[in-house]
Number of protein chains: 2
Amino acid sequence: MFGFELLGTCRQTAGRRGRITTPHGTVDTPIFMPVGTQATVKTLASQDLYEIGTGIILANTYHLNLRPGHEIVDRAGGLHSFMNYNRPILTDSGGFQVFSLAKLRKITEEGVHFSSHIDGSRHFLSPESATSIQEALGADIIMCFDECTPYPATYEYARQAMERTGRWAARCKLSHLREDQALFGIIQGGVFADLRLESLKQIVDLDFPGYAIGGLSVGETKEEMYGVLEILESHLPSSRPRYLMGVGEPEDLLEGVSRGIDMFDCVTPTRLARHGTAYTARGKLTIRNARFADDFGPLDPDCSCRVCRGYSRAYLRHLIKSGEILGLRLLSYHNVHFLVELMMNIREALENGRFVDFRHDFLAKYLLKEVN
Amino acid sequence: MFGFELLGTCRQTAGRRGRITTPHGTVDTPIFMPVGTQATVKTLASQDLYEIGTGIILANTYHLNLRPGHEIVDRAGGLHSFMNYNRPILTDSGGFQVFSLAKLRKITEEGVHFSSHIDGSRHFLSPESATSIQEALGADIIMCFDECTPYPATYEYARQAMERTGRWAARCKLSHLREDQALFGIIQGGVFADLRLESLKQIVDLDFPGYAIGGLSVGETKEEMYGVLEILESHLPSSRPRYLMGVGEPEDLLEGVSRGIDMFDCVTPTRLARHGTAYTARGKLTIRNARFADDFGPLDPDCSCRVCRGYSRAYLRHLIKSGEILGLRLLSYHNVHFLVELMMNIREALENGRFVDFRHDFLAKYLLKEVN
């Protein structure tokens, strides 16, 4: 049911143009996946996502396991049915949240004991339970339960986490039964080149249909992040999709694609929107700024989304300043659209052999911040 | 530019089927107007309103005058352009808010001094300024600046407020210059029959293109409210639309129509949604209720709106319990749709001479609350 086809590569970078096949349709790569933590991309309805043209979205196992509970989602017919989204969905394993968010966690070789952020109740996640919960949630792509190394971390700690991630990956694979789901492996190892390569070997030896690079964008410098991608790039099998977890700023998408990444996810577009910030072709824009009070032009003059076609900066500023939910919703719509369209343009540039020029032109304008 | 046509009347009640013409299109009456206090029907975009089929919406002069300021809306090209809503809009005069919400208000014959609920700054609204602000906002229908009598009120207080409302109505009419806007008069007088009739005579003598009944649904009993409507009904010119301000519960819409009302407005559908309550054909439903956790049916099995077609009670409950904005948005959409559709059904019943049967059948089911 799951497949990946490499359609073409960039001559000047490691950029790849590909296509993923899932039971809920195909996904052209490279792709950005908006995050629907609690089975909703915050403020947006599935209708909006279809309109924007999202190819695949992500949902969080940690959150859905606690609320409403994976049994409820299962009885609803799975996530697609539950949230009324009929395109591909990916779930993470809960590992990242358990390690970075949950209080009072206790790690053992068996798994992780932790307290719910909602009501403090005690829970346990292991490679086996994270996998079976994701089977119940029913996404098209699911992830191995891993230990995400924080930053900074000692070499010794990073090694331990990486080795455990490898052992847990084997257990995830063993316990995964649903043939209509693809289980991706995750490479850890912090910013240490030898640990990353060792992790890659372990995980690739297990033969997953896709490989994720975890533990980045957690505090390290951009150079460190890009460095890890460069180390891994030539060792990853070209026949499998590569997913850079939790990364999604426009410049990172371009740099990630340049280093062979096919899939990205990030909460940034909707989180920025809730803080009144919008992506534009000329950099980020803070809509609360007083100079937008009587700016009747669109949020981003280069954008063709429904928000930019219908609403002015002055109106959006008014909504945000007035605490109106519609403001958060319209900014979220635009921001998600912005990244989805950026990826569409990247794919087109890859197809036309113009990726390096596109990257240059986009970043020159985006980083100049001339109007904002 | 403004007109009203009486298309037919009910044989058994004072119910009327009519049509209002405005520069932004026609409105079939009786009609429910969703409230967009701050130039947005809370959580909904204009696209949603078009989809729902709202004929006319209301915006609040008090709020828009304070934020973003009527000058900004004027420079945006008026409310229609500012909020991207190309159908008829009505603005109230700010009177109700100034009298009921604003702190530190001081009433003089000239007008009302009050403090902004946003920043405490001092403001002044008079018949003349409320009218010119509404001219700047640019709605199709605007309202006279009136003094809304609270409940309970003494006869003497109600008389004073009613008489001032009459004097202010004359000043509003004198100062109103825009010929593309219809200025409606407002009848006050509390729950006192003679004051209501005296107010009606004063206001109707001024000859407005439409008449509103203000100061109801402010704490009086339903019987008192319906009584006032019955007293006024036969004295109101049948050639002008009649607007019952601030009223919008399903049963009140039916009882109002029965007493000759053509227009209604109320914040209830969106306010209820924000509290997790939905209208259904079988009464109100509190979605947080635990029994909906695994109810995978639609919010209202009798409803054909986008929310009821696509989402389950279990999902909506999950969204509301999780504090997700999408939950408020979907419930708001459904609730506004519910009242808009109810009015459509009322109009159809009036056309077919079946209004009394329809009213009976609807209320029998709605008040039974059998599934909720």
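Residues numbered from 1 in each chain as written. Chains lettered and ligands numbered in written order. Predicted model: local features only at pLDDT ≥ 70, side-chain atom pairs only at ≥ 80, totals over all residues.

**Student:** In this structure, what is going on with the overall build of chain A? I would like to understand it.
**Tutor:** Broken down by element type, chain A carries 15 helices and 16 strands. Computed over C-alpha atoms, the radius of gyration of chain A comes to 20 Å, within 12% of the 21 Å expected from 2.2 N^0.38 for 372 residues, which places it in the range of a compact globule. The dimensions of chain A, computed from C-alpha atoms along their principal axes, are 60 × 50 × 40 Å. Within chain A, contacts between residues at least 6 apart in sequence are counted, and of these 67% link residues at least 24 apart. (Helix = DSSP H or I, 4+ residues; strand = E, 2+ residues; numbered from the N terminus. Rg over C-alpha atoms; globule rule 2.2 N^0.38 Å. Contact = placed C-beta atoms within 7 Å.)

**Student:** Honestly, the relation of the copies chain B and chain A in this entry has me stumped. Any pointers?
**Tutor:** For the pair of chain copies, the relating operation is a rotation around an axis with a shift along it. Once chain B has been moved 0.0 Å along the axis and rotated by 180°, it coincides with chain A to within an RMSD of 0.0 Å. Between the two chains, the operation in question is that of a two-fold axis. By C-alpha distance to the rotation axis, the residue of chain B lying nearest is Ile325 of chain B, at 3.7 Å. Here 100% of the interface residues in chain B have copies in chain A that are interface residues too; the copies meet face to matching face. (Least-squares fit on C-alpha atoms with pLDDT ≥ 70 in both.)

**Student:** Looking at this structure, I do not really get the nonpolar core. What am I missing?
**Tutor:** Core analysis: the biggest nonpolar cluster contains 212 residues, and Phe184 of chain A together with Phe184 of chain B have the highest contact counts within it. Ignoring anything within four residues of it in the chain, the contact list for Phe184 of chain B reads Ile141, Met143, Cys144, Phe208, Pro209, Gly210, Tyr211, Ala212 and Tyr243 of chain B. (Core = buried A, V, L, I, M, F, W, Y, C linked by C-beta atoms within 7 Å. Buried ≥ 20, exposed ≤ 12 C-beta atoms within 10 Å, placed from the backbone.)

**Student:** Whenever I open this one, the interface of chain B and chain A confuses me. Can you help?
**Tutor:** One frequently used descriptor of interface size is the decrease in accessible area upon assembly of the parts. At the junction of the two partners, chain B supplies 34 residues and chain A supplies 34 residues. Considering only residue class, the side of chain B that touches chain A consists of 18 nonpolar, nine polar and seven charged. (Nonpolar A, V, L, I, M, F, W, Y, C, P; charged D, E, K, R; others polar.)

**Student:** Quick question: what am I supposed to make of the domain arrangement of chain A here?
**Tutor:** Residues and elements named next belong to chain A. Under the domain assignment, chain A is made up of domain 1 (3-266) and domain 2 (276-368). Taking only C-alpha atoms into account, the centre of domain 1 sits 27 Å from that of domain 2. Taken together, the contacts link 28 residues of domain 1 with 23 residues of domain 2. In terms of residues, the side of domain 1 that touches domain 2 owes the most to one element, helix α10 (residues 250-258), which gives six residues. Residue composition of the side of domain 1 that touches domain 2, by class: 12 nonpolar, nine polar and seven charged. (Domains from an automatic or database assignment.)

**Student:** Is there a simple way to think about the confidence of the model for chain A in this case?
**Tutor:** In regions of low pLDDT, the predicted coordinates are not meant to be interpreted in detail. Taken residue by residue, chain A gives an average pLDDT of 96. The fraction at 70 or more is 98%. Here the prediction assigns the complex a pTM of 0.97, and the interface score ipTM is 0.97. (pLDDT = per-residue confidence, 0-100.)

**Student:** Explanation requested: the sheet that holds strand β12 (residues 211-213) of chain A in the structure shown.
**Tutor:** What holds strands together in a sheet is hydrogen bonding between their backbones, with the strands either parallel or antiparallel. Residues and elements named next belong to chain A. Within the open sheet, the eight strands sit side by side as β4-β14-β13-β12-β11-β10-β6-β5. Their pairing is parallel. Lying at the two open borders of the sheet, with one neighbouring strand each, are β4 (31-34) and β5 (57-59). Neighbour to neighbour, the strand axes of the sheet diverge by 30° on average, direction disregarded. (Pairing = 2+ DSSP bridges. Axes fitted to C-alpha atoms, helices over the stretch in contact; angles between N-to-C directions.)

**Student:** So what exactly am I meant to see when it comes to helix α9 (residues 222-233) of chain A here?
**Tutor:** Since the α-helix advances by 3.6 residues per turn, residues separated by three or four positions end up pointing in the same direction. Residues and elements named next belong to chain A. Helix length check: α9 (12 residues) gives 16 Å between terminal C-alpha atoms against 16 Å at 1.5 Å per residue, within 8%. Every buried residue of α9 is listed here: Met225, Val228, Leu229 and Leu232. What you see down the axis of α9 is that its buried residues fit within an arc of 95°, all on one side. Those residues of α9 that are buried are in contact with β11 (182-187), α8 (193-205), β12 and α10. (Expected span 1.5 Å × (residues − 1). Arc of directions from axis to C-beta.)

**Student:** Where do I start with the packing of helix α7 (residues 155-175) of chain B against helix α8 (residues 193-205) of chain B in this structure?
**Tutor:** Pairs of packed helices are described in terms of their axes, by the angle between the two and the distance that separates them. Residues and elements named next belong to chain B. Where α7 contacts α8, the two axes come as close as 10 Å, and the packing angle between them is 5°. In terms of orientation, α7 and α8 fall into the roughly parallel class. Here Ala158, Arg159, Met162, Thr165, Gly166 and Ala169 of α7 lie close against α8, whose contacting residues are Leu195, Glu198, Ser199, Gln202 and Ile203. For the contact of α7 with α8, the class distribution of residues is five nonpolar, four polar and two charged. (Parallel < 35°, antiparallel > 145°, perpendicular 65-115°, else oblique.)

**Student:** Just to check I follow, could you spell out the environment of Glu5 of chain A for this structure?
**Tutor:** Residue and element names in this part refer to chain A. Tracing the backbone shows Glu5 in strand β1 (residues 3-9). Separated by 235 residues in sequence, Glu5 and Arg240 have C-alpha atoms that sit 8.1 Å apart. Excluding residues within four positions of it along the chain, Glu5 makes contact with Gly18 and Arg19.

**Student:** How should I be thinking about the sheet that holds strand β9 (residues 122-125) of chain A in this particular structure?
**Tutor:** Residues and elements named next belong to chain A. Spatial ordering of the open sheet is given by β7-β8-β9, a layout of three strands whose pairing is antiparallel. In this open sheet, the two edge strands, each paired with only one partner strand, are β7 (106-107) and β9. When β7 meets strand β8 (residues 112-115), the two strands line up antiparallel, connected through two bridges. Across the sheet, the residue bridging to Lys106 is His113, located in β8.

**Student:** Help me understand the environment of Arg159 of chain B, please; the structure alone is not making it clear to me.
**Tutor:** Note that Arg159 of chain B resides in helix α7. A C-alpha to C-alpha distance of 45 Å links Arg159 of chain B and Cys303 of chain B, two positions 144 residues apart in sequence.

**Student:** Help me understand the packing of helix α13 (residues 313-321) of chain A against helix α14 (residues 325-351) of chain A in this model?
**Tutor:** Residue and element names in this part refer to chain A. Here α13 crosses α14 at 130°, and the two axes come no closer than 7 Å. Considering the angle they form, α13 stands oblique to α14. Relative to α14, the crossing made by α13 is left-handed. Across the interface between the two elements, Leu316, Leu319 and Ile320 from α13 touch Leu326, Gly327, Leu330 and Leu331 from α14. Class assignment for the residues of the contact of α13 with α14 results in six nonpolar, one polar and no charged. (Left-handed = near helix turned anticlockwise from the far one by under 90°.)

**Student:** Mind showing me how you'd approach helix α6 (residues 127-137) of chain A here?
**Tutor:** In terms of residue burial, α6 of chain A counts as a mostly covered element, since nine of its 11 residues are buried. If you check which residues of α6 of chain A are buried, you get Pro127, Ser129, Ala130, Thr131, Ile133, Gln134, Glu135, Ala136 and Leu137 of chain A.

**Student:** Mind showing me how you'd approach the pairing of β1 of chain A here?
**Tutor:** Working note: regular strand, side chains alternate between the two faces of the sheet. Residue and element names in this part refer to chain A. Pairing geometry for β1 and strand β2 (residues 16-22), over six bridges, is antiparallel. Paired with Gly3 across the two strands is Thr21, which belongs to β2. Hairpin connection of β1 to β2: six residues between the antiparallel strands.

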